[in-house]
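Next come the chains, spelled out residue by residue.
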Amino acid sequence: ALARIEAPSSGVILSRNVEPGDAVQPGRVLIGFASDGPTELVVQPSEENLELLRVGAPALASPDAYPDSVFEATVSFIAPVVDPDQGTVEVRLRTTNAPTYLLTDMTLSVNITAGSREGAAVLSAEAVRGLGTSDPWVAVIEDGRLARRSVEVGLQGDGLVEVLAGVERGDRIVPVNDSPELGTRVRTQSTS
């Protein structure tokens, strides 16, 4: 009787956390509400990815319950603060073609495009050692021996790393799981 609660827009009530006559404190969630309109996705990537995110970036989303269904979205908001407990930042994405079976609070996998480059030279992330350090490198075969070669890396994602400098087309690179010690004599074997 002391207050009137109004929704900011039309929508659907998802949960009611109070009953008429309950005493409530400021900040308490009274009603869970989903407003009508464009579908909005909320993700919380690690703050380490913050420099790669930008409003307007394209993304692909896939509901975990329907992994073969993929739809497009666009980053519409990046929170100006980092959650100090989780080390994450809230990012919201808008989509106009969300599937009809998409439900509130459904778990999604979202890939946000941070950058792309046509004709980039890439290696498997497994082949590049020291990723995330100031000196990434690869093991290459030089004169019949396994040698260390520093590389300059660029864009990373989906298990691939762009290599800007340090290796050339035709260099024989040995992945981490197949690698003997540096300096070891090695022989290559072709597979058909």
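Our subject is the structure that appears above.
What comes next concerns the included structure. (Residues numbered from 1 in each chain as written. Predicted model: local features only at pLDDT ≥ 70, side-chain atom pairs only at ≥ 80, totals over all residues. Heavy atoms only, no water.)

## Overview of the pattern of salt bridges
Scanning the model with the defined rule gives six salt bridges in all. A salt bridge links Arg 92 to Glu 90; the shortest N-O distance between them is 2.7 Å. With relative accessibility at 28%, the residue Arg 92 sits in the partly exposed group. Note that Arg 149 and Asp 171 form a salt bridge whose closest N and O atoms lie 2.6 Å from each other. In this pair, Arg 149 is assigned in strand E10 (residues 145-150) and Asp 171 in the loop between strand E12 (160-165) and strand E13 (173-174), connecting sequence segments 22 residues apart. (Salt bridge = Lys/Arg side-chain N within 4 Å of Asp/Glu carboxyl O. Buried < 20%, exposed > 50% of the residue type's maximum accessible area, 1.4 Å probe, protein only. Helix = DSSP H or I, 4+ residues; strand = E, 2+ residues; numbered from the N terminus.)

## Digging into the sheet that holds E12
Reading across from one edge, E8-E12-E11 is the order of the three strands in this open sheet, with antiparallel pairing throughout. Every other strand in the sheet has two partners, leaving strand E8 (122-124) and strand E11 (152-157) as the edge strands with one partner each. On average, each strand axis in the sheet is tilted by 35° relative to the strand beside it, whichever way the strands run. (Pairing = 2+ DSSP bridges. Axes fitted to C-alpha atoms, helices over the stretch in contact; angles between N-to-C directions.)

## A look at the nonpolar core
Residues Leu 41, Phe 71, Val 75, Val 89, Val 91 and Leu 93 are the most contacted members of the largest nonpolar core, which totals 14 residues. Of the residues forming this core, the biggest block, three residues, is contributed by strand E5 (residues 71-78). Leave out the neighbours within four places in its chain, and Leu 41 touches Ala 61, Phe 71, Ala 73, Val 91, Arg 92, Leu 93, Leu 102 and Leu 108. (Core = buried A, V, L, I, M, F, W, Y, C linked by side-chain atoms within 4.5 Å. Contact = heavy atoms within 4.5 Å.)

Function-wise, these values are silent; they only describe arrangement.
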